[in-house]
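Close look at the chain arrangement
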Amino acid sequence: MKKRHIAATAGLLLVAGIVITTRFKSDMEDHREITIRAKNFVRRLNRRDYNACIESFDQEMRESMAPDQMKATFDPILDALGEFEAFRSSTVTMRTTDGPDYYRCALRCDYTEGSAEICLLFDHDLAISGVYVK
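So, here is what we can say about the structure in this document. (Residues numbered from 1 in each chain as written. Predicted model: local features only at pLDDT ≥ 70, side-chain atom pairs only at ≥ 80, totals over all residues. Heavy atoms only, no water.)

1. Description of the side chain of S56
Tracing the backbone shows S56 in the loop between α2 (50–55) and α3 (59–64). At a separation of 2.7 Å, a polar atom in the side chain of S56 contacts the side chain of R44. Discounting residues that sit within four places of it in the chain, S56 has contacts with F41, R44, A127 and I128. (Helix = DSSP H or I, 4+ residues; strand = E, 2+ residues; numbered from the N terminus. Polar contact = N/O pair within 3.5 Å; in protein donor to acceptor, adjacent residues only side chain to side chain. Contact = heavy atoms within 4.5 Å.)

If you want it as structure tokens, here you go:
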């Protein structure tokens, strides 16, 4: 009887470990994919390829931010920062709200005239639903 109890407990722990590992692996894959997408977006932004940036947006962002608005918003920021040098760090977090949950990716970037934190919000389809620079 004791052996059955131990075997059952070990089986449950094995199943729980598989579920946790699978979820962790899935979260890590999402974080990796989000970081790649965020860095690619920032590369396009630094090239001032605003049309390509808009292709990464979700539908609501596409409707609210035209290429000329992107240019008016980001050209002065990029002019002040100077030439892009390197990505220093990245952080991806899941945000929960009263509305839909979303991922936030913060990229610390070095430029010739200073540094900036470029934050991108991603929906569950991994489309960009928000951008801001600190």
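Continuing now.
2. With respect to the packing of aromatic side chains
Scanning all chains against the criterion turns up 3 aromatic pairs. Seen in terms of ring centroids, F41 and F57 are 5.9 Å apart; in terms of plane orientation they differ by 40°. Their pairing is tilted. Of this pair, F41 sits in helix α1 (residues 2–46) while F57 sits in the loop between α2 and α3, placing them 16 residues apart in sequence. You'll find F41 and F57 in the same group, each marked buried. (Phe/Tyr/Trp six-rings, centres within 6.5 Å; stacked < 30°, edge-to-face > 60°. Buried < 20%, exposed > 50% of the residue type's maximum accessible area, 1.4 Å probe, protein only.)

3. Concerning the sheet that holds strand β4 (residues 128–133)
Read across the open sheet, the 4 strands follow the order β1-β2-β3-β4; overall the sheet is antiparallel. Looking along the sheet, the strands with just one partner apiece sit at the ends: β1 (84–95) and β4. For this sheet the average axis-to-axis angle between neighbouring strands, irrespective of direction, equals 20°. Pairing of strand β2 (residues 102–111) with strand β3 (residues 114–122), which is carried by 9 bridges, proceeds in the antiparallel orientation. (Pairing = 2+ DSSP bridges. Axes fitted to C-alpha atoms, helices over the stretch in contact; angles between N-to-C directions.)

4. Let's talk about the pattern of salt bridges
Enumeration according to the criterion identifies 7 salt bridges in this entry. Linking D75 and R48 is a salt bridge whose minimum nitrogen-to-oxygen distance equals 3.0 Å. Separated by 27 residues along the polypeptide, D75 in helix α4 (residues 67–81) and R48 in the loop between α1 and α2 bring together distant segments of the chain. You can call R48 partly exposed: its relative accessible area is 31%. A salt bridge links R104 to E117; the nearest nitrogen and oxygen atoms lie 3.6 Å apart. Placement of the pair is R104 in strand β2 and E117 in strand β3, with a sequence separation of 13 residues. Comparing R104 with E117 shows no difference in burial state: the two are buried. Via salt bridges that share partners, R48, K71, D75 and D79 belong to a single interconnected network. (Salt bridge = Lys/Arg side-chain N within 4 Å of Asp/Glu carboxyl O.)

5. Details of the nonpolar core
Ranked by internal contacts, the top residues of the largest apolar core, which has 27 residues, are F41, L45, F57, M70, Y111 and F122. Put simply, the parts of the chain that give this core at least two residues each are α1, α2, α4, β2 and β3. (Core = buried A, V, L, I, M, F, W, Y, C linked by side-chain atoms within 4.5 Å.)

6. Remarks on α4
Compared with an ideal rise of 1.5 Å per residue, which puts 15 residues at 21 Å, α4 spans 20 Å between its outermost C-alpha atoms and is within 8% of the ideal. Along α4, the sharpest change in direction is near 35° and occurs at F74; proline P76 comes one to four residues later. Residues M70, F74, D75, L78 and L81 constitute the buried set of α4. A positive phi of about 85° marks G82, the residue just after α4. (Expected span 1.5 Å × (residues − 1). Bend = angle between axes of the 7 residues up to and from the residue.)

7. Considering the pairing of β3
Most of β3 sits inside the fold, with 7 of its 9 residues counted as buried. Here β2 folds back onto β3 in antiparallel fashion, the turn holding 2 residues. Relative to β4, β3 is paired through 5 bridges, and the arrangement is antiparallel. The partner of I118 across the bridge, within β4, is V133. Here β3 hands over to β4 after 5 residues, with L126 in that stretch at a positive phi of 65°.

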